[in-house]
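# What the coordinates show
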Amino acid sequence: MNRQSPFVLGGVPAVNMNVRHRIQFSVGDAVFYICLPKSDGSCRSILLVRDIEMGLARKHACADEIGCPADYEPECGLSGDRDTALAQAGAECLRRNGIERVRTDGTLPMIFAAHLREAEVEVDYDSELAVFDRRTKTEQELAHLREAQAVTEEAMEFACHSICAATPDAEGILHDGDTVLTSELMRQGITSFLIGKNCSNHHDSIVVTVPHVADCHHHGSGPLRAGLPVIVDIFPRVNATGYWGDCTRTAVNGEPSSEIFQMHAAVVKAKADAIDALRVGTTGGAVHHATVKSITGSGYVMGLPPEGAGEDFISMRHGTGHGIGLDVHEPILLSDGGGEILANEVFTVEPGLYSAKFGGVRVEDMVAVTEAGAVNFNRIPDHLDWR
């Protein structure tokens, strides 16, 4: 596919991060972005927005020309539906510029693709469009991610300290004063803490222990107990910048079992080994292989429990990590098949071990990969006792 050919992006920048990243402007209504390559290798960009958004867009959006649907009304006129009118105008803008074929990404709404094709503009899917741009972070983006992770760590210290400082009753159930400390209550507390830091907690947090911990993405339910590990995974979005934090720690109120001590030591070692393997030019698959080698070298196994396995079966059941930025999960994965790592990519590194009987342990940091080596954005410890 010709990477120098015209391309389009479209959607609501407040939720479509490919569009937001390209135009550096967020709004709650759909926009349509056109890139027309010039002979000198640069791009002439046209951004179509609602008429009432043109003032702000002209001040803040990254585009050479800012227009609205009325500027590109086709002969048949514009629909009274906003998104349809925008799609019609986008197609007319391309027609006036003599464009008969464009590339787009996987997020372009069907309404735009349909009206382009109706206007006899061919639409090709480009799997790499907007992906490379977002993978390599600018210095400003790195600063935004550092800030997001710092706030996430503050929330983590609050949550883990609350768990470890709670009072167990005669049955080992944790209490905060007269209130039973549950996963749900702890997650509500995390959300309230983050709101106070001008962050959103779109996907909730994870505060999980036995028995739900064997399901790695279970958010947790019910009372928390002394002696059992609680995995706390917090991934908020900073409202001012749109960038995400993502951090996991494991907390135990009281004395952990010997199995949890050993699992925790293996997970912390695997995290360190994976971070050591993170470098420009290697692959996400190679980093995951370093995790696998570390986990199996500590005497554990990879993969879901086989049929008939008992509750004491312990394994790591997921990849090592993922890219992060304007979305909490971005390409590439640190997992089997993960591609080549670029300079200034940022990843989570989050090995874990899980057992329906003993509980689970996961520890997660955010790490930037620079030409000089891996830079860990985390500062808080990864111990079990947070008192």
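Higher on the page you've got the structure.
The sections below set out a description of the structure shown in this document.

Applying the stated criterion across every chain yields a total of one disulfide. Between the sulfur of Cys-35 and that of Cys-43 lies a disulfide, 2.1 Å long from S to S. Owing to a relative accessible area of 5%, Cys-35 belongs among the buried residues under this scheme. When its relative accessible area of 28% is taken as the criterion, Cys-43 is described as partly exposed. Note on Cys-160: no disulfide assigned, nearest cysteine sulfur contributed by Cys-164 at a separation of 6.6 Å. The exposure class assigned to Cys-160 is buried, which follows from its relative accessible area of 0%. You can see Cys-247 has no disulfide; the closest cysteine sulfur is in Cys-160, sitting 8.1 Å from it.

In this structure the tally under the stated criterion is 19 salt bridges. In this structure, the salt-bridge partner of Arg-249 is Asp-365, at a minimum N-O distance of 2.9 Å. Linking Arg-249 in strand 14 (residues 247–252) with Asp-365 in strand 22 (residues 365–370), this pair joins segments that are 116 residues apart in sequence. Pair check on accessibility: Arg-249 and Asp-365 agree, each one buried. For Asp-385, the salt bridge identified is with Arg-387, shortest N-O distance 2.6 Å. Taken together, the salt bridges that share partners define one network made up of Arg-134, Lys-137, Asp-327 and Glu-330.

Counting residues in each nonpolar core, the largest one holds 25 residues, and the members touching the most others are Ile-163, Val-207, Val-232 and Ile-234. Counting residues per element, the ones that place at least two in this core are helix 6 (139–165), helix 7 (183–196), strand 12 (229–234) and strand 14. A per-element tally of this core places helix 6 first, with eight residues. Contacts of Ile-163, omitting those with residues within four sequence positions, involve Leu-174, Leu-181, Met-186, Val-207, Leu-224, Val-230, Val-232, Ala-251 and Asn-253. Counting residues in hydrophobic clusters, the runner-up holds 22 residues, among them Phe-32, Ile-46, Tyr-72 and Ala-87.

Further remarks concern the pairing of strand 12. Remember that side chains alternate between the two faces of the sheet whenever the strand is regular. Across the six residues of strand 12, six count as buried, placing the element largely inside the fold. The alternating pattern of strand 12 places Pro-229, Ile-231 and Asp-233 on one face and Val-230, Val-232 and Ile-234 on the opposite face, and all of these are buried. Pairing of strand 11 (residues 206–208) with strand 12 involves three bridges; the strand directions are antiparallel. Directly across from Val-207, in strand 12, lies its bridge partner Val-232. As paired strands, strand 12 and strand 14 are joined by six bridges and run antiparallel to one another. Directly across from Val-230, in strand 14, lies its bridge partner Ala-251.

It is worth spelling out the packing of helix 8 (residues 258–277) against helix 9 (residues 284–297) at this point. Where helix 8 meets helix 9, the closest approach of the two axes is 8 Å, and the angle between their N-to-C directions is 150°. In terms of axis orientation, helix 8 runs roughly antiparallel to helix 9. In the crossing of helix 8 with helix 9, the sense of the turn from one axis to the other is right-handed. Two secondary-structure elements touch here, helix 8 through Ala-266, Lys-269, Ala-270, Asp-273, Ala-274 and Ala-277 and helix 9 through Val-287, Ala-290, Thr-291, Ser-294 and Ile-295. Of the residues belonging to the contact of helix 8 with helix 9, the class tally is seven nonpolar, two polar and two charged.

This paragraph deals with the packing of helix 6 against helix 7. Look at helix 6 against helix 7: their axes get within 10 Å of each other, and the N-to-C directions meet at 145°. Like other packed secondary-structure pairs, helix 6 and helix 7 cross with a definite hand, here right-handed. Mapping the contact onto sequence places Val-151, Glu-154, Ala-155, Phe-158, Ala-159, Ser-162 and Ile-163 in helix 6 and Met-186, Gly-189, Ile-190, Phe-193 and Leu-194 in helix 7.

Moving on to helix 7. If you check helix 7, its first and last C-alpha atoms are 20 Å apart, about what 14 residues at 1.5 Å a residue would give, namely 20 Å. Of all the positions in helix 7, only Ser-183, Met-186, Arg-187, Gly-189, Ile-190 and Leu-194 are classed as buried. Buried residues in helix 7, looked at end-on, bunch into an arc of 155°, giving them a common side. What points out from helix 7, more than 90 degrees from its buried face, is the exposed set Ser-192, Ile-195 and Gly-196. Those residues of helix 7 that are buried lie in contact with helix 6, strand 10 (199–200), strand 11 and strand 12. The first or second residue beyond helix 7 is Asn-198, which carries a positive phi of 60°.

Time to look at the sheet that holds strand 14. Here we have three strands laid out as an open sheet, ordered 11-12-14, and antiparallel in their pairing. Two strands in the sheet have a free side with no partner beyond their single neighbour: strand 11 and strand 14. When the angles between neighbouring strand axes are averaged without regard to direction, this sheet yields 15°. Contacts from helix 6 reach strand 11, strand 12 and strand 14 within the one sheet, and its direction differs from that of strand 14 by about 15°.

Rules used throughout
Numbering of residues starts from 1 in every chain and runs along the sequence as written. The model is predicted, so local features are restricted to residues of pLDDT at least 70 and side-chain atom pairs to those at 80 or more, both for listing and for counting; the totals for chains, interfaces and linings are taken over all residues. Note: side-chain values were computed over all heavy atoms of the structure, leaving out hydrogens and water. Note on terminology: disulfide denotes any pair of cysteine sulfur atoms within 2.5 Å. Exposed residues in this analysis have more than 50% of their type's maximum accessible area, buried residues have under 20%, and partly exposed residues fall in between, with area computed by a 1.4 Å probe over protein chains only. One side-chain nitrogen of Lys or Arg within 4 Å of one carboxyl oxygen of Asp or Glu is enough to make a salt bridge. In DSSP terms, a helix is any run of H or I states spanning at least four residues, a strand is any run of E spanning at least two, and both are numbered starting from the N terminus. What makes a nonpolar core is a set of buried Ala, Val, Leu, Ile, Met, Phe, Trp, Tyr and Cys residues whose side-chain atoms join them at distances within 4.5 Å. Whether two residues touch is decided by their heavy atoms; if any such pair falls within 4.5 Å, the residues are in contact. Only when DSSP finds a minimum of two bridges between them are two strands counted as paired. Throughout, an axis means a line fitted to C-alpha atoms (over the contacting stretch in the case of helices), and angles, computed between N-to-C directions, take values from 0 to 180 degrees. For this classification, under 35 degrees means roughly parallel, over 145 means roughly antiparallel, 65 to 115 means roughly perpendicular, and everything else is oblique. Two helices cross in a left-handed way if the nearer one is turned anticlockwise from the farther one by less than a right angle. They cross in a right-handed way if the turn is clockwise. Ten residues, namely Ala, Val, Leu, Ile, Met, Phe, Trp, Tyr, Cys and Pro, are considered nonpolar, four, namely Asp, Glu, Lys and Arg, are considered charged, and the remaining ones, Gly among them, are considered polar. Any helix carries an expected span of 1.5 Å times its number of residues minus one. Note that the arc is defined by the directions from the helix axis to the C-beta atoms.

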